Amino acid sequence: MSRFSPRALIFDMDGLLVDSEPLWHHVERAFARARGGEWTDEMALACTGQGIGRIVHIMGEHIGFEVDEARDVAELEDRFLAHVESLSLKPFARAFLDEARGRLPIGLASSSPRRLIDASLKRFGLTDHFDVTVSGQEVPKAKPWPDVYLRAAERLSVGAEGCLALEDSKNGVRAAKAAGMAVIAVPEGDGAAFEEIADVVVRSLEEARALVRLP
């Protein structure tokens with residue numbers, strides 16, 4: 001299996017470092033029910049990585065309510081933040097970040113809104129582990145477009161070709177590859193579905209770390 005010698009690391013957050021997918025699914029289901037509809041885990045998984053603004057429009061089309069993006073995104077954020085203390089880190093996330101800290105520039109490229117990124121990192125005391133953090137709300141287009149990764153690389157002052165991205169979703173892998181980066185995928189489910197789009201597919205962050213040469 002390939003090993004990587006990147007000049008910078010860029011991590012996704014939800015589902016990769018933070019085990020937030022169960023909470024997101026709960027929040028989205030509750031939001032949908034409040035509008036008279038149902039939102040299944042399968043629907044939520046299909047939208048993983050696309051950004052909360054895009055998701056509320058998909059929900060509006062599916063359920064049949066009129067979307068007010070600012071209002072609806074704020075409500076989803078509020079529902080999530082009300083339960084942020086229930087989040088947990090994914091196995092080996094802290095160890096990987098601790099080991100890489102200070103040895104390579106580290107960025108975060110997340111589809112989550114800024115206040116959710118900040119609250120999640122603060123929850124685990126990880127804010128200072130990242131040299132830059134970029135939200136999908138801060139670029140013209142969220143994943144699967146490359147904007148969030150390109151912005152993170154620009155702010156790290158490292159060319160995209162020198163960055164290694166770590167992702168758990170197909171949309172995230174597509175975004176990083178479109179930016180011109182190498183990608184290690186750490187999917188929750190069937191890794192075979194990622195083999196054609198990621199450079200390497202592994203089962204855990206521990207396996208991912210073993211493939212990265214740190215200075």
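Looking at an unreviewed UniProt entry, one finds the chain named HAD family phosphatase and attributed to Polyangium mundeleinium.

K.L.:
Before we move on, can you summarise the pairing of strand 5 (residues 182–185) with the specific residues and values?
P.N.:
The two faces of the sheet receive side chains in turn, since in a regular strand these alternate between them. Where strand 4 (residues 163–167) and strand 5 come together, four bridges link them in parallel fashion. Counted as the bridge partner of L164 is A182 from strand 5. Crossover handedness for the path strand 4 to helix 8 (residues 170–178) to strand 5: right-handed. Relative to strand 6 (residues 200–201), strand 5 is paired through two bridges, and the arrangement is parallel. Residue pairing across strands places I184 opposite V200, the latter belonging to strand 6.

K.L.:
Can you tell me about helix 6 (residues 114–123), naming the residues and giving the values?
P.N.:
Considered for burial, the residues of helix 6 that qualify are L116, I117, S120 and L121. Take helix 6 and look down its axis: the buried residues cluster within an arc of 125°, on one side only. Taken together, the buried residues of helix 6 touch helix 1 (21–34), helix 4 (69–81), strand 2 (106–110) and strand 3 (132–135). Directly after helix 6, the chain includes G125, whose backbone phi takes a positive value near 65°.

K.L.:
So what's going on with the nonpolar core? Which residues, and what values?
P.N.:
Counting residues in hydrophobic clusters, the biggest one holds 51 residues, and the most contacted among them are L9, F11, L17, F130 and I184. Ranked by the residues each element gives to this core, the list is headed by helix 3 (residues 52–63), at six residues. Those residues in contact with F11, other than ones at most four positions away along the chain, are L16, L17, F96, L97, I106, G107, L108, A109, F130 and L166.

K.L.:
Give a detailed account of the sheet that holds strand 1 (residues 8–11), specifying residues and quantitative values.
P.N.:
Reading across from one edge, 3-2-1-4-5-6 is the order of the six strands in this open sheet, with parallel pairing throughout. For this open sheet the edge positions go to strand 3 and strand 6, each flanked by a neighbour on one side alone. As judged from the three bridges shared by strand 1 and strand 2, these two strands associate in the parallel manner. Along strand 2, the bridge assignment pairs L9 with I106.

K.L.:
Lay out the pattern of salt bridges in plain terms, naming residues and giving numbers.
P.N.:
As enumerated under the stated definition, the model contains 19 salt bridges in all. For the salt bridge of D19 with K90, the shortest nitrogen-to-oxygen distance reads 4.0 Å. With D19 in the loop between strand 1 and helix 1 and K90 in the loop between helix 4 and helix 5 (93–100), this pair connects stretches of sequence that are 71 residues apart. With a closest N to O distance of 3.3 Å, R35 and D72 form a salt bridge. Of this pair, R35 sits in the loop between helix 1 and helix 2 (41–46) while D72 sits in helix 4; the two residues are 37 residues apart in sequence, bridging distant segments of the chain. Owing to a relative accessible area of 0%, D72 belongs among the buried residues under this scheme.

K.L.:
Explain the side chain of S110 residue by residue, including any values.
P.N.:
Of note, S110 is situated in strand 2. A distance of 3.0 Å separates the side chain of S110 from the backbone nitrogen of S112, its partner in a polar contact. Those residues within four positions of S110 in sequence are excluded, and the remaining contacts are D12, M13, D14, I117, V134, S135, G136, K143 and V148.

K.L.:
Lay out unusual backbone geometry with the relevant residues and their values.
P.N.:
Omega for the peptide link from K143 to P144 comes to 15°, which places this bond in the cis form. Structurally, P144 can be placed in the loop between strand 3 and helix 7 (147–156). Its identity is not glycine, yet F92 carries a phi of approximately 75°, on the positive side. Relative to the assigned elements, F92 resides in the loop between helix 4 and helix 5.

K.L.:
Any details on the environment of S88? Residues and values, ideally.
P.N.:
When you line up the elements, S88 lands in the loop between helix 4 and helix 5. Relative accessible area serves as the criterion here: at 32%, S88 is assigned to the partly exposed category. Residues S88 and F124, 36 residues apart in the sequence, show an inter-C-alpha distance of 8.3 Å. Discounting chain neighbours no more than four positions away, the residues touching S88 are V18, D19 and F124.

Criteria and cut-off values
Residues numbered from 1 in each chain as written. Predicted model: local features only at pLDDT ≥ 70, side-chain atom pairs only at ≥ 80, totals over all residues. Heavy atoms only, no water. Pairing = 2+ DSSP bridges. Helix = DSSP H or I, 4+ residues; strand = E, 2+ residues; numbered from the N terminus. Right-handed = clockwise from strand over helix to strand, strands pointing away. Buried < 20%, exposed > 50% of the residue type's maximum accessible area, 1.4 Å probe, protein only. Arc of directions from axis to C-beta. Contact = heavy atoms within 4.5 Å. Core = buried A, V, L, I, M, F, W, Y, C linked by side-chain atoms within 4.5 Å. Salt bridge = Lys/Arg side-chain N within 4 Å of Asp/Glu carboxyl O. Polar contact = N/O pair within 3.5 Å; in protein donor to acceptor, adjacent residues only side chain to side chain.

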